[in-house]
Amino acid sequence: MTTAPWRDPALPAAARVDDLLARMTLEEKAAQLYGVWVGADTDGEGVAPLQSEMSTDYDWDELITHGLGQLTRPFGTAPVDPAVGARALASAQRRITAAGRFGIPALAHEECLAGFTTWRATAYPVPLAWGATFDPGLVEEMAGRIGRDLRSVGVHQGLAPVLDVVRDPRWGRVEETIGEDPYLVGTIGAAYVRGLESAGIVATLKHFAGYASSAGARNLAPVRAGVREFADVTLPPFELALREGGARSVMAAYTETDGVPASADPVLLTGLLRGEWGFEGTVVADYFGIGFLESLHRVAGTPAEAAHLALAAGIDVELPTLKCYGHPLLGAVRAGRVPEELVDRAARRVLLQKCELGLLDEDWTPEPPAGTAPVDLDSPGNRALARRLAEESVVLLDNPDGLLPLAPDTRVAVVGPRAADALAMLGCYSFPSHVLPRHPEVAAGIDIPTVLDALRAELPDAKVTFAEGCDTSGPDTAGFEEAVARCAEADVCVAVLGDRAGLFGRGTSGEGCDASDLTLPGVQGELLDALVATGVPVVLVLLTGRPYALGRWHGRLGAVVQAFFPGEEGGPAVAGVLSGRVTPSGRLPVSIPRLPGGQPWTYLQPPLGLAGEVSNLDPTPLYAFGHGRSYTAFAWEDFTGGPAEVIGTDGSYDISLTVRNTGDRAGAEVVQLYLHDPVASVTRPDVRLIGYQRLDLAPGAARRVTFRFHADLSAFTDRSGRRVVEPGALELRLAASSADVRHTAHLTLAGPERVLGPDRELRCGTEVARAD
C-alpha cells in the first residue's frame with residue numbers, strides 16, 4: 001500500500017499540506033476553520049454573555065464526517081476528573097478521525113492564563129503577580145509546567161498569555177495583564193511563551209490588539225488610542241513574544257480602533273502581523289468575535305458577511321463554536337460572494353500547524369502520554385513552584401516603623417472579608433472562580449489555604465482571633481462592631497481586604513467587572529477607617545486584581561502589603577511575609593494611586609500628563625511603578641557611566657553598578673533601567689522602562705550588573721508613522737522604581753536619523769557577575 005504524500009513525514013510540511021488540500025472538498029476545508037464547544041450550555045446560563053444566541057445547533061455525527069478544526073475547552077467547561085477527561089478526549093478524537101475521509105484529528109485548546117483552567121489543576125498566581133516578580137526565568141519555568149500538564153491529557157493549544165498593557169486600572173481584566181509597561185509585559189510574556197512552547201503547546205497571544213485601551217475602562221468598549229500609542233505601547237509586547245518566544249498563534253481582539261474592528265482589520269492581521277512581522281502561524285477569533293461583527297459592531301449584515309470580513313482580514317479559525325464559518329460561509333462561497341481562495345489560505349495555515357504537531361502523521365494516536373495512569377495536575381512540584389512564584393510576587397509597599405515582621409508571640413486580630421476565603425487567592429480565569437460557581441455542589445479540587453489559616457500555622461505561638469467585618473462588595477456594616485472589638489483586644493490588627501474575582505459583573509475584578517473608580521469595593525474602606533481609629537497598629541493586606549487608591553490611609557497604617565491574586569499557595573506566601581520567613585521582593589507592575597478618581601493614569605506620561613500648575617488634580621501615584629520594600633538593605637556601589645558619552649544612532653553603551661546586600665538576611669533587589677528623552681520630535685513619556693535585573697543576594701553578598709543599551713531602545717514612532725532613532729541627548733537612569741533614581745548616565749546620540757524595521761533591537765541585554 002502506497003502512503004499518500006500528505007501522510008509522509010519525510011516530506012516538507014508545505015508539500016504535505018498542498019497535497020492534502022488538493023484532495024479536499026470545500027466542506028472538508030471549511031471544517032478545519034471552526035471549533036466546536038461540545039460542553040457549551042444552550043440555556044443562556046453559560047460562561048459568557050450571548051453564548052446561547054451565538055451558538056448553532058448541529059448534529060455531531062453528521063458534522064464530523066467533514067472533519068473538525070478544533071475542540072473547545074473539553075476540560076475547562078465543566079468539572080471533570082483529569083484522567084476521565086483524557087480518556088473522553090481520546091474517544092472523541094477516535095470518532096472524529098474515523099468519521100472523516102482523511103482521519104485528521106481536531107486540535108484541542110484550553111485556557112491556561114494562570115494555570116491549566118480545569119478541575120484539580122494547579123492555580124498559579126495571576127499574570128499581574130508574574131509582573132510583580134520581575135523574574136522571567138521563573139515565569140518560563142511555570143509555563144513549562146503548565147504546558148506539560150496540558151500535553152499529558154491530550155491538549156495542543158493554550159489561550160495565553162495576555163499581552164495587553166494596562167492603560168486604565170479601572171478595567172476589569174487588569175488582573176489578566178502583566179502590568180502597565182510594554183517592556184515588562186513583553187519580556188515576561190515572551191518568557192511565558194517560551195515555557196509553553198517548550199512543552200509542545202501552541203501559545204496564543206491575546207488580545208491583538210488594543211483591547212486594554214477601551215474607552216472609560218469598559219470591557220469591549222471602543223478604543224480611541226492614537227497611532228503612536230498603538231505603535232509604541234500596544235504592539236511591542238506582541239512583537240517581542242513572537243520574535244523571542246516563538247508563539248504560533250494570535251487571538252484577534254474584540255474591540256474596534258477608530259471604527260475598524262480588529263477581527264475585520266486586514267492592515268492589522270495581515271499587513272502588520274504577517275507582512276511586516278513575518279508571522280506564519282494561525283490567527284484565531286476571540287470567542288464569538290466573528291459573529292460580533294454582525295451583532296455588536298454592525299459592520300456585517302449577515303453571518304456570511306461577517307465570515308467574509310474575518311477571513312479576508314486574516315482570521316483562520318472561528319472559536320469557540322461554529323456560527324459563521326459553517327453553512328453561511330459555504331453558501332457564500334458557492335454563490336460567488338466569497339472567494340474560495342480565502343478558505344484555502346486559512347485551511348492551509350491550520351493544516352500546517354496540525355502537521356507541525358504530528359496530527360497528520362500515520363502513526364498519530366489519540367491516547368494521551370499519560371495513558372491510563374492517574375493524572376496529577378497539582379503535583380508537589382507544581383505547588384512548590386506556585387509557592388515560590390507567590391512569594392516573589394508579594395510587594396511590601398510600606399513598613400515605616402518596622403512593624404513587620406510580626407513578633408512570634410503577639411496577639412493578632414485578623415479582620416476582613418478576604419482573610420478566610422480561599423477564593424480570595426484566585427483570579428477570574430482560575431477554574432474555581434471561572435466555572436465552579438455554576439457547580440456549587442463540587443469541591444474546589446485543590447487545597448487553597450487562606451491567609452487566616454496560613455498565619456495561624458506560621459505563628460503557632462501567637463494568639464490569633466478573627467472577624468470578617470463586612471462582605472467584599474456589599475453595603476452591610478453590621479459586622480464592624482465585632483471587628484473593632486477584636487482589633488481593640490490585639491497588639492496588632494491584620495486587615496485582609498480586596499477583590500472577589502468573577503465574570504461579567506459577578507465579581508469586583510475580572511472580565512466584565514469594571515470599576516467606576518479606584519475606591520476599595522463595598523464598605524471595606526469604612527471598615528479600615530474603623531480599625532485605624534482604635535489606635536491599634538494596622539497592617540493592611542490587599543488581595544486584589546487591580547491597584548486601589550490608598551492615599552486616604554497614607555501615614556496612618558503600620559504596614560501595607562500588596563498581593564495580586566497570588567494563587568493556591570498565596571495564603572502561605574503572604575503569611576510568610578508577615579512572619580518574616582519570606583523577605584519581600586515583589587515590585588509594583590502597576591502604580592498605586594493616591595486618589596480614587598484621578599484616573600486613567602499610568603506612569604508612561606509625557607510632560608502634560610504629569611503634575612503641574614495647569615490643573616488642581618495631581619496624578620502623581622502614592623507608590624510608583626517598580627516600587628517595593630524589603631526587610632534587608634542594599635547598597636548601590638561603583639557606578640560606571642558618569643561623564644557624558646557620545647555614541648552613534650546605531651551604537652551601544654554599557655552602564656554598570658554593584659549591588660550589595662548590607663543587611664542580615666537574604667533578599668532580592670530589582671535594578672531598573674529607565675530612559676529619559678529630553679527633546680524629541682513628538683512628545684515622549686518622561687521616563688520608560690528599558691531594562692531590569694533581579695538579583696538574589698545572601699547577607700553581605702554582591703553582584704555587578706551591566707546593562708547593554710542599544711540606540712534602538714530609544715526609538716519611537718515619529719509624525720510620519722516611521723519608527724526612528726533620533727540624534728540628540730538621552731539620559732539612562734538606574735533606579736529602584738520609576739520615581740527612585742539612584743544613578744544617571746548622560747548620552748548623546750550622534751549621526752543621522754535612523755529608520756528601523758522589524759529587525760531592530762527589542763531588549764536591553766544584561767550581564768551579572770560576582771563582585772564579592
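Below you will find a few notes about this structure.

Parameters at a glance
Residues numbered from 1 in each chain as written. Predicted model: local features only at pLDDT ≥ 70, side-chain atom pairs only at ≥ 80, totals over all residues. Heavy atoms only, no water. Helix = DSSP H or I, 4+ residues; strand = E, 2+ residues; numbered from the N terminus. Rg over C-alpha atoms; globule rule 2.2 N^0.38 Å. Buried < 20%, exposed > 50% of the residue type's maximum accessible area, 1.4 Å probe, protein only. Contact = heavy atoms within 4.5 Å. Pairing = 2+ DSSP bridges. Axes fitted to C-alpha atoms, helices over the stretch in contact; angles between N-to-C directions. Left-handed = near helix turned anticlockwise from the far one by under 90°. Nonpolar A, V, L, I, M, F, W, Y, C, P; charged D, E, K, R; others polar. Phe/Tyr/Trp six-rings, centres within 6.5 Å; stacked < 30°, edge-to-face > 60°.

Along the backbone of the chain there are 21 helices and 27 strands. Taken over C-alpha atoms, the radius of gyration comes to 26 Å for the chain, in line with the 28 Å a tight globule of 772 residues would show. Expressed as lengths along the three principal axes of its C-alpha atoms, the size of the chain is roughly 80 × 70 × 50 Å. In the chain, buried positions account for 63% of the 772 residues.

A word on the side chain of H439. Topologically, H439 is positioned in the loop between α17 (431–434) and α18 (451–458). What makes H439 buried here is its relative accessible area of 18%. Discounting chain neighbours no more than four positions away, the residues touching H439 are T77, A78 and P79.

In this section: the sheet that holds strand β5 (residues 202–208). One open sheet holds the seven strands; their spatial order is β1-β2-β3-β4-β5-β6-β9, and the pairing between them is parallel. Edge positions in the sheet fall to β1 (35–36) and β9 (282–285), since each has one partner strand and no second. Note: strand β2 (residues 70–72) against strand β3 (residues 107–111), three bridges, orientation parallel. Residue pairing across strands places L71 opposite A108, the latter belonging to β3. In the packing of helix α8 (residues 182–198) onto the sheet, the strands contacted are β4 (157–159) and β5, and the crossing angle to β5 comes to about 145°.

Right, let's get into the packing of helix α7 (residues 136–152) against α8. In contact at an axis separation of 7 Å, α7 and α8 are set at 35° when each is read in the N-to-C sense. By crossing handedness, the relation of α7 to α8 is classed as right-handed. Taken together, the residues of α8 that come into contact with α7 (itself represented by P136, V139, E140, M142, A143, G144, I146, G147 and L150) are T187, I188, A191, Y192, R194, G195, L196 and S198. Looking at side-chain class alone, the contact of α7 with α8 contains ten nonpolar, five polar and two charged residues.

With that settled, consider the side chain of E392. Within the secondary structure, E392 is located in helix α16 (residues 380–393). For E392, the contacting residues outside a window of four places in its chain are A132, T133, D135, L138, S585, G586 and R694.

This brings us to the packing of aromatic side chains. Per the counting criterion, the structure on display carries 16 aromatic pairs. Aromatic pair F134 and F625: ring centres 6.2 Å apart, planes at 55°, arrangement tilted. Residue F134 is found in the loop between α6 (127–133) and α7, and its partner F625 is found in the loop between α21 (570–579) and β16 (634–640); the two are separated by 491 residues along the sequence. For F625, a relative accessible area of 0% gives the class buried. Look at F288 and F292: their rings are 6.4 Å apart centre to centre, the planes differ by 50°, and that puts the pair in the tilted class. Take F288: its relative accessible area is 4%, and that puts it in the buried class.

Orientation of helix α9 (residues 227–234) relative to helix α10 (residues 236–245), taken along the N-to-C sense of each, is 35°, at an axis distance of 5 Å. Only P236, P237 and F238 of α10 make contact with α9, whose side of the interface consists of A231, D232, V233 and T234. A class-by-class count of the residues in the contact of α9 with α10 yields five nonpolar, one polar and one charged.

What follows concerns helix α1 (residues 13–23). Among the residues of α1, R16, V17, D19, L20 and L21 are the ones counted as buried. On its buried side, α1 packs onto α2 (26–31) and α15 (340–356).

On to the sheet that holds strand β18 (residues 652–661), then. Read from one edge to the other, the open sheet built from four strands follows the order β16-β18-β21-β27, with strand pairing classed as antiparallel. Each edge of the open sheet carries a strand with a single partner, namely β16 and β27 (765–770). Taken over all neighbouring pairs, the strand axes of this sheet differ in orientation by 25° on average, direction set aside.

The analysis is restricted to geometry; functional conclusions fall outside its scope.
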